[in-house]
Amino acid sequence: MTSLTLPPGSPPLALAWQTLADGLLTQRLHLHLDEWRAAVAEENALSDVPGADVSVLAQRPSPLPAGDESAMALLEDVGLGFWWELPQRHGAESRNRRGALHRAADTAAQNILAEQSRAAWSDAVIAVSAAAAWWVGFFAVIRHRGVHHITLEPHPGPLHEQALGTAVSVVAHGMATRVLEAALRNSDDDPALRAAYCRAIEAGICAEPELPRLIDELAELRLVDLVSSTARWRGRFTKYAGGTGAGQVE
């Protein structure tokens with residue numbers, strides 16, 4: 001295996017790969033935004049996700065509490081401003097309807113936070129979890145136009161909406177972990193914060209054995225990349241570590 005030497009002052013390799021994954025995610029959103037909008041406007045049933053309601057998948061997350069600049073500042077500090085802002089900018093108007101993906105996001109946040117807290121990091125965890133439902137929903141809406149993540153063959157087979165809910169949970173836990181790590185770096189030994197971080201890490205460990213099966217079921221390249229590069233697991237940056245090009249289809 002060829003060794004890689006980074007220039008002096010470069011970020012750790014995993015951080016560089018995370019930046020690449022985040023950039024690819026936003027690139028894909030902008031490349032497929034018009035396609036997604038057309039699908040949302042048609043409100044047709046998804047051919048590959050039976051029972052999923054496109055209008056519910058598309059609705060933007062609830063906004064942060066008024067005046068909650070601290071939570072937004074924390075998201076910006078950890079590099080997740082885009083993760084929250086893009087769903088707010090492009091998401092459809094909320095119809096006050098909750099789907100399976102929203103419930104999965106709520107459950108993930110509740111399991112991490114456990115104790116009630118109005119700290120900025122608590123609001124930020126709720127925000128990134130809610131955004132996870134939108135991002136998974138975004139790529140689910142256009143999944144039928146994608147390709148298999150290994151074969152690159154078009155038209156990946158159908159999946160159950162429950163798999164998308166599991167994907168939301170995995171992504172929410174991964175993004176919440178990034179938020180809590182940043183909060184811990186600037187914390188004065190907050191026990192509630194440390195406990196929330198431990199719960200997020202524990203959730204990632206418990207989910208890891210099921211990730212290969214979930215990835216096989218999701219199948220489609222964009223959804224697989226979203227889940228696999230967000231989850232804290234051993235396969236997180238396998239594509240980059242192996243030298244495989246990113247965004248090869250786009």
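Structural data are supplied above this passage.
I will try to describe carefully the structure that is included in this document. This is a predicted model, so every value here is computed, not measured. (Residues numbered from 1 in each chain as written. Predicted model: local features only at pLDDT ≥ 70, side-chain atom pairs only at ≥ 80, totals over all residues. Heavy atoms only, no water.)

## Comments concerning the overall build of the protein chain
Phase 1: A count of helical and extended segments in the protein chain gives 11 helices and 0 strands.
Phase 2: Element order for the protein chain, N to C, with α for helix and β for strand: α-α-α-α-α-α-α-α-α-α-α.
Phase 3: In summary, the protein chain has a C-alpha radius of gyration of 18 Å against a globular reference of 18 Å for 250 residues, a match within 12%.
Phase 4: Taking the principal axes of its C-alpha atoms as reference, the protein chain extends roughly 50 × 50 × 30 Å.
Phase 5: Looking at the protein chain as a whole, 49% of its 250 residues are labelled buried.
Phase 6: Taking contacts inside the protein chain between residues at least 6 apart in sequence as the whole, the part at least 24 apart equals 78%.
Phase 7: A total accessible area of about 12100 Å² is found for the protein chain, and carbon and sulfur atoms account for 54% of it. (Helix = DSSP H or I, 4+ residues; strand = E, 2+ residues; numbered from the N terminus. Rg over C-alpha atoms; globule rule 2.2 N^0.38 Å. Buried < 20%, exposed > 50% of the residue type's maximum accessible area, 1.4 Å probe, protein only. Contact = heavy atoms within 4.5 Å. Areas by Shrake-Rupley, 256 points an atom, 1.4 Å probe, with all protein chains shown as cover.)

## So, the packing of aromatic side chains
Phase 1: Evaluated as defined, the whole model comprises 10 aromatic pairs.
Phase 2: Ring plane angle 40 degrees and centroid distance 5.3 Å describe the contact between Trp-134 and Phe-138, whose orientation is recorded as tilted. Placement of the pair is Trp-134 and Phe-138 together in helix H6 (residues 120-141), with a separation of 4 residues, close to one helical turn.
Phase 3: Within the aromatic cluster, the residues linked to one another by ring pairs are Trp-36, Phe-82, Trp-83, Trp-134, Trp-135, Phe-138 and Phe-139. (Phe/Tyr/Trp six-rings, centres within 6.5 Å; stacked < 30°, edge-to-face > 60°.)

## Comments concerning the packing of H6 against helix H7 (residues 161-185)
Phase 1: Between H6 and H7, the least distance of the axes is 8 Å, while the angle of their chain directions is 145 degrees. The handedness of the crossing between H6 and H7 comes out as right-handed. Across the interface between the two elements, Trp-121, Ala-124, Val-125, Val-128, Ser-129, Ala-132, Ala-133, Val-136 and Ala-140 of H6 pack against Leu-164, Ala-167, Val-168, Val-171, Ala-172, Met-175, Ala-176, Val-179, Leu-180 and Ala-183 of H7.
Phase 2: When its residues are assigned to classes, the contact of H6 with H7 shows 18 nonpolar, 1 polar and no charged. (Axes fitted to C-alpha atoms, helices over the stretch in contact; angles between N-to-C directions. Left-handed = near helix turned anticlockwise from the far one by under 90°. Nonpolar A, V, L, I, M, F, W, Y, C, P; charged D, E, K, R; others polar.)

## Points about H6
Phase 1: The end-to-end C-alpha distance of H6, which contains 22 residues, comes to 32 Å, matching closely the 32 Å that a straight helix rising 1.5 Å per residue would cover.
Phase 2: Most of H6 sits out of view: 19 of its 22 residues are buried. (Expected span 1.5 Å × (residues − 1).)

## Some remarks on the environment of Leu-75
Phase 1: Positionally, Leu-75 belongs in helix H3 (residues 69-77).
Phase 2: For Leu-75, the contacting residues outside a window of four places in its chain are Leu-80, Gly-81, Trp-84, Ala-124, Ala-127, Val-128 and Val-179.

## What about the nonpolar core?
Phase 1: Counting 73 residues, the largest nonpolar core has Trp-83 and Trp-135 as the members making the most contacts within it.
Phase 2: Setting aside anything within four residues of it in sequence, one finds Trp-83 in contact with Leu-25, Val-128, Ala-131, Ala-132, Trp-135, Val-171, Met-175 and Leu-226. (Core = buried A, V, L, I, M, F, W, Y, C linked by side-chain atoms within 4.5 Å.)

## Details of the environment of Ala-120
Phase 1: Along the chain, Ala-120 falls in helix H6.
Phase 2: Contacts of Ala-120, omitting those with residues within four sequence positions, involve Ser-70, Ala-71 and Leu-74.

## Comments concerning the pattern of salt bridges
Phase 1: Under the criterion given, the structure shown has 13 salt bridges.
Phase 2: Residue Glu-217 pairs with Arg-213 through a salt bridge whose shortest N-O separation is 3.1 Å. Here Glu-217 pairs with Arg-213, and both are found in helix H9 (residues 211-218), just 4 residues apart, close to one helical turn.
Phase 3: For Glu-217, a relative accessible area of 29% corresponds to the partly exposed category.
Phase 4: For Arg-213, a relative accessible area of 44% corresponds to the partly exposed category.
Phase 5: Between Arg-222 and Glu-220 there is a salt bridge whose closest N-O contact spans 3.1 Å. The exposure classification of Arg-222 matches that of Glu-220, with both residues buried. (Salt bridge = Lys/Arg side-chain N within 4 Å of Asp/Glu carboxyl O.)

## Regarding the side chain of Gln-18
Phase 1: Within the secondary structure, Gln-18 is located in helix H1 (residues 13-42).
Phase 2: Residue classification places Gln-18 among the buried positions, given a relative accessible area of 7%.
Phase 3: Discounting residues that sit within four places of it in the chain, Gln-18 has contacts with Arg-178, Ser-229, Arg-236 and Phe-237.

## Here we look at helix H5 (residues 100-113)
Phase 1: Under the 1.5 Å per step criterion, the end-to-end length of H5 is 20 Å for 14 residues, consistent within 8% with the ideal 20 Å.
Phase 2: The set of residues buried in H5 consists of Leu-101, His-102, Ala-104, Ala-105, Ala-108, Ala-109, Ile-112 and Leu-113. An end-on view of H5 places all buried positions within 160 degrees of arc, on one side of the element.
Phase 3: On its buried face, H5 sits against helix H2 (54-58), H6, H7 and helix H8 (191-207).
Phase 4: Note on H5: the residue one or two positions beyond its end, Ala-114, has a positive phi of about 55 degrees. (Arc of directions from axis to C-beta.)

## Observations regarding the state of the cysteines
Phase 1: Summed over the entire model, instances satisfying the criterion amount to 0 disulfides.
Phase 2: Looking at Cys-198, it has no disulfide partner, and the nearest cysteine sulfur is the one in Cys-206, 13 Å off. (Disulfide = S-S within 2.5 Å.)

## Here we look at the side chain of Arg-143
Phase 1: By secondary structure assignment, the location of Arg-143 is in the loop between H6 and H7.
Phase 2: Engagement of the side chain of Arg-143 in a polar contact is seen with the backbone oxygen of Leu-218, the distance being 2.9 Å.
Phase 3: Every residue in contact with Arg-143, bar those within four places of it in the chain, is listed here: Asp-48, Pro-156, Gly-157, Pro-158, Leu-159, Glu-217, Leu-218, Ala-219, Glu-220 and Leu-223. (Polar contact = N/O pair within 3.5 Å; in protein donor to acceptor, adjacent residues only side chain to side chain.)

Geometric descriptors of this kind do not, in isolation, establish any biological role.
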